Amino acid sequence: MPLNFIAEARPNTFAFETSALIKACGFREYDARWWFGQVAPELNLIGVQALGMGLGTMIRRLGVGPDIVTGHDFRSYSLGIKLALVSGLMATGARVKDIGLALSPMAYFAQFALDTPSVAMVTASHNENGWTGIKMGAARPLTFGPEEMSALKAIVLAADFDLVGGGSYDFVSDFRETYLNDLTRDKRITRKLKVVAACGNGTAGAFAPEALERIGCEVIPLDVELDHTFPNYNPNPEDMQMLHAIRDKVLKTGADVGLGFDGDGDRCGVVDNEGKEIFADKVGVMLARDISSQYPGSTFVVDVKSTGLFNTDAVLRANGAVTDYWKTGHSYIKRRVAELGAIAGFEKSGHFFFNPPIGRGYDDGLVTAIAICQMLDRNPASSMADLYRALPLTFGTPTMSPHCADDVKYGVVERVVSDFQALKRDGDSFAGQKIGHLVTVNGVRVVAEDGTWGLVRASSNKPELVVVVESPVSSERRRQMFDAVDAVLRRSPEVGAYNQTF
């Protein structure tokens, strides 16, 4: 089938309604994200149909079979995008199983429950309104990485489709109940926990409160009504605005813990009973302590944005735990967890991955929430704040993202890596000390002699860089490292303002 592509077009024009618009920049490292808004869109529905043709063609050529699960998040345009995607998939002979309105982990679960090898979940995750995207995979529980995304991009942009026809569509009714039943089976806790469930008016509002109630929690709902305008804040548990809203609710109600879920429910953020926001990497350390006490000698995978405590914590060492630092990104960590046979993987963004016996290897914010409640259940004499205070003190920052355009951000990071490598080679001082070592598996993590570190990497799904800083010494050393890292970034005029700082 011939396909006409357009590089630029505005909605409500003949070209926009008759040709495919699908910008190359939307094919990102491990999923796809496009701006779908009315102003300067990067994608239209015919472009989505082309994406479906490309994905169906790729799956066919991989030889994994024609069956694929699809679902969509709660945005005003997600259903339309999914149906356009489905029409493209069916043109390639795909047999589509549609689970309807869903969380991303519900779609991953469907690959197992419906014995279907591939998945295409329509979601922009925590991105602001106007964004759309697809999370894809063809080898459960993994999702696509750079190789697969590059191959898909080449197929779609060249219109190199195998349009054999013969596809089919099957809507799977009541799959929400199947998912919740599986999620909560044999998970009931005995401790009486009062839990704030915050959903930012995103899709998780239709799932998280009921899941927590089923395991025995008293649930205090916060912004759980589905509202695709996101009237209060963006559903992103890394965003301090959402964490502060959870804090206020916890303090007002006397809750034992506050749990926040992102737009597609694959991440979970935590606030303790005293209203303190616990960054996800520290939650990971707490869970790693709990898991390694049950399963000594456990292997964990964490991303390069995460705290250094995974390597230095005395409890983890005593339990024989081993931690591997790896590339940031849900597909990267998921794949690394599978490669190493790790029992769990933790990402500072709040993507947590649990292998059996806890989970199936994919990221699910509700599995994380249940694991946190079970950890509290196993420690009846300790509050969430007590467990947090038991960790060695470090001084960290939230994830901070200065704007940097997609077409230049990787070049900026390459220059920053080169700058730090030169400083290390020449033995120069940085942030008041010599550089102890550099981690360059994903951007650069510069570590000072006292363990204070700063990270710079390119965001995988937005036109931004990512900056994180932590010091085991003091808040002053944290500030010193941030200022020094920021000074390096400011050598590049392409780097803009931060979305948040500390």
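Before going into details, it helps to say that this report is about the structure given with it. (Residues numbered from 1 in each chain as written. Predicted model: local features only at pLDDT ≥ 70, side-chain atom pairs only at ≥ 80, totals over all residues. Heavy atoms only, no water.)

## Focus: the state of the cysteines
Worth spelling out the cut-off: In plain terms, two cysteine sulfur atoms within 2.5 Å form what is called a disulfide here. To sort residues, take the accessible area from a 1.4 Å probe on protein chains only and compare it with the maximum for the residue type: under 20% means buried, over 50% means exposed, and anything in between is partly exposed.
For the structure on display, the rule yields zero disulfides. Cys25 forms no disulfide, and the closest cysteine sulfur to it belongs to Cys404, at a distance of 14 Å. Free cysteine: Cys373, not disulfide-bonded; nearest cysteine sulfur from Cys217 at 3.8 Å. A residue is classified by how much of its surface remains accessible, and Cys373, at 0% relative accessible area, is buried.

## Re the packing of aromatic side chains
The relative placement of two aromatic rings is captured by the distance of their centres and the angle of their planes. We apply this condition: The aromatic pairing rule takes the rings of Phe, Tyr and Trp, using the six-membered ring of Trp, and pairs them if the centres are within 6.5 Å, calling planes under 30 degrees apart stacked, those over 60 edge-to-face and the rest tilted. Helix and strand definitions here come from DSSP, where helices need a minimum of 4 consecutive H or I residues and strands a minimum of 2 consecutive E residues; each element is numbered from the N-terminal end.
Taken as a whole, this structure holds 16 aromatic pairs when the rule is applied. Aromatic side chains Phe300 and Phe346 sit 5.8 Å apart centroid to centroid with 25° between the ring planes, which places their arrangement in the stacked category. With Phe300 in strand S12 (residues 299-303) and Phe346 in strand S14 (residues 344-346), this residue pair connects regions lying 46 residues apart in the sequence. Summarising the burial analysis for this pair, Phe300 and Phe346 share the class buried. When the ring of Phe310 is compared with that of Phe346, the centres are 6.0 Å apart and the planes differ by 20°; the resulting orientation is stacked.

## Overview of the environment of Lys276
As a reminder of what qualifies: By definition in these notes, contact holds between two residues if any of their heavy atoms fall within 4.5 Å. Pairs of N or O atoms within 3.5 Å make up the polar contacts considered here, provided that, within protein, one atom can donate a hydrogen while the other can accept it, and that residues adjacent in sequence are counted only when both atoms are side-chain atoms.
In this structure, Lys276 sits in the loop between strand S10 (268-272) and strand S11 (277-278). For Lys276, a relative accessible area of 39% gives the class partly exposed. Contact partners of Lys276, with chain neighbours within four places excluded, come to Val270, Val271 and Arg389. A distance of 2.9 Å separates a polar atom in the side chain of Lys276 from a polar atom in the side chain of Glu274.

## Looking at helix H5 (residues 146-157)
The line we're drawing: In this scheme, a helix's expected span is set at 1.5 Å multiplied by one less than its residue total.
In a regular helix each residue adds 1.5 Å, so 12 residues correspond to 16 Å; H5 covers 16 Å between its end C-alpha atoms and thus fits that length. Where H5 is buried, its residues meet strand S1 (32-35), helix H2 (45-62) and strand S5 (131-137). One or two steps after H5, the chain reaches Ala159, where phi turns positive at roughly 50°.

## Examining the packing of H2 against helix H3 (residues 78-91)
Which entries qualify depends on this criterion: Axis angles are defined between N-to-C directions and span 0 to 180 degrees, where every axis is a line fitted to C-alpha atoms and, for a helix, only to the segment in contact. Working definition: roughly parallel below 35 degrees, roughly antiparallel above 145 degrees, roughly perpendicular at 65 to 115 degrees, and oblique for all remaining angles. By definition, any crossing whose near helix is turned counterclockwise from its far helix by less than a right angle is left-handed, and any crossing with a clockwise turn is right-handed. Under this grouping Gly is polar, as are all residues other than the nonpolar Ala, Val, Leu, Ile, Met, Phe, Trp, Tyr, Cys and Pro and the charged Asp, Glu, Lys and Arg.
As a packed pair, H2 and H3 sit with axes 7 Å apart at the nearest point and diverge in direction by 45°. By the criterion of interaxial angle, the relationship of H2 to H3 is oblique. When the axes of H2 and H3 are compared, the crossing they make is right-handed. In contact with Leu45, Val48, Gln49, Leu51, Gly52, Met53, Leu55 and Gly56 of H2, H3 contributes Gly80, Ile81, Ala84, Leu85, Ser87, Gly88 and Leu89. Along the lines of polarity and charge, the residues of the contact of H2 with H3 split into nine nonpolar, six polar and no charged.

## Some details on the sheet that holds S5
We apply this condition: Criterion used throughout: strands pair if DSSP finds at least two bridges between them.
Spatially, six strands are ordered S1-S5-S4-S2-S3-S6 in an open sheet, and the strand pairing comes out mixed. Looking at strand neighbours, the two that pair on one side only are S1 and strand S6 (168-171), the edges of this open sheet. On average, each strand axis in the sheet is inclined to that of its neighbour by 20°, with strand direction left out of account. Bridge count between strand S3 (residues 95-101) and S6: four bridges; the pairing is parallel. Across the sheet, Asp98 pairs through a bridge with Phe171, a residue of S6. Relative to the sheet, helix H4 (residues 104-113) contacts strand S2 (67-72), S3, strand S4 (118-122) and S5, its axis offset from that of S4 by approximately 165°.

## Notes on empty space enclosed by the protein
Quick note on the threshold: Only protein atoms enter the 1 Å grid used here, on which a cavity is any set of points holding a 1.4 Å probe that cannot leave and a pocket is any open set flanked by protein within 12 Å on both sides along at least five of seven lines; residues with an atom within 4 Å of a point are listed as lining. Grid points are joined across faces, edges and corners, and a volume is the space filled by probe spheres set on the points.
Tallied over the entire structure, the rule returns two cavities of 30 Å³ or more. Space inside the largest cavity adds up to approximately 100 Å³. The wall of the largest cavity is formed by 14 residues, among which Pro237, Glu238, Phe279, Ala280 and Lys348 lie closest to the centre. Examining the composition of the lining of the largest cavity, we find that three residues originate from one element, S10, more than from any other. Taken together, the residues of the lining of the largest cavity break down into eight nonpolar, four polar and two charged. Size it by volume and the second largest cavity reaches roughly 30 Å³. The wall of the second largest cavity is formed by Trp34, Leu43, Val48, Leu51, Ile81, Thr132, Gly133 and Ile134. For the lining of the second largest cavity, the secondary-structure elements that each account for two or more residues are H2 and S5. At three residues, the largest contribution of residues to the lining of the second largest cavity is made by S5. For the lining of the second largest cavity, the residue count by class is six nonpolar, two polar and no charged.

## A few points about the nonpolar core
The condition is simple: Nonpolar core, defined: a set of buried Ala, Val, Leu, Ile, Met, Phe, Trp, Tyr and Cys residues in which side-chain atoms within 4.5 Å join the residues together.
In terms of nonpolar packing, the biggest core is built from 68 residues, with Leu212, Leu259 and Phe346 touching the most fellow members. Per element, the largest residue contribution to this core is nine residues, and it comes from helix H13 (residues 365-378).

## Quick look at the side chain of Thr328
Mapped onto the secondary structure, Thr328 falls in the loop between strand S13 (322-326) and helix H12 (330-340). Polar side-chain contacts of Thr328 include one of 2.8 Å to the side chain of Asp303. Those residues in contact with Thr328 that sit more than four places away from it in its chain are Tyr30, Asp303, Val304, Lys305, Glu347, Asn442 and Arg457.

## Focus: the sheet that holds S11
Here five strands make up an open sheet; going across it, the order is S8-S7-S9-S10-S11 and the pairing mixed. Pairing within the sheet leaves two strands with one partner each, and these edge strands are strand S8 (218-222) and S11.

## Considerations on the pairing of S5
Most of S5 sits out of view: seven of its seven residues are buried. Direction of pairing for S1 relative to S5: antiparallel, over a ladder of four bridges. Directly across from Ala32, in S5, lies its bridge partner Ile134. Bridge analysis of S4 against S5 gives four bridges, and the strand direction is antiparallel.

## What to know about the pattern of salt bridges
Inclusion rule: A pair is scored as a salt bridge if a Lys or Arg side-chain nitrogen falls within 4 Å of a carboxyl oxygen belonging to Asp or Glu.
In this structure the tally under the stated criterion is 40 salt bridges. With its nearest N and O atoms 3.2 Å apart, the salt bridge here joins Arg415 to Glu494. Here Arg415 is found in helix H15 (residues 409-426), whereas its partner Glu494 is found in the segment after helix H16 (475-489), with 79 residues between them in sequence. Look at Arg415 and you get partly exposed, because its relative accessible area is 39%. Taking the relative accessible area as the measure of exposure, Glu494 reaches 32% and is therefore partly exposed. Among the salt bridges present, the one from Asp486 reaches Arg490, with a minimum N-O distance of 3.2 Å. Taking the relative accessible area as the measure of exposure, Asp486 reaches 17% and is therefore buried. For Arg490, a relative accessible area of 35% translates into the label partly exposed.

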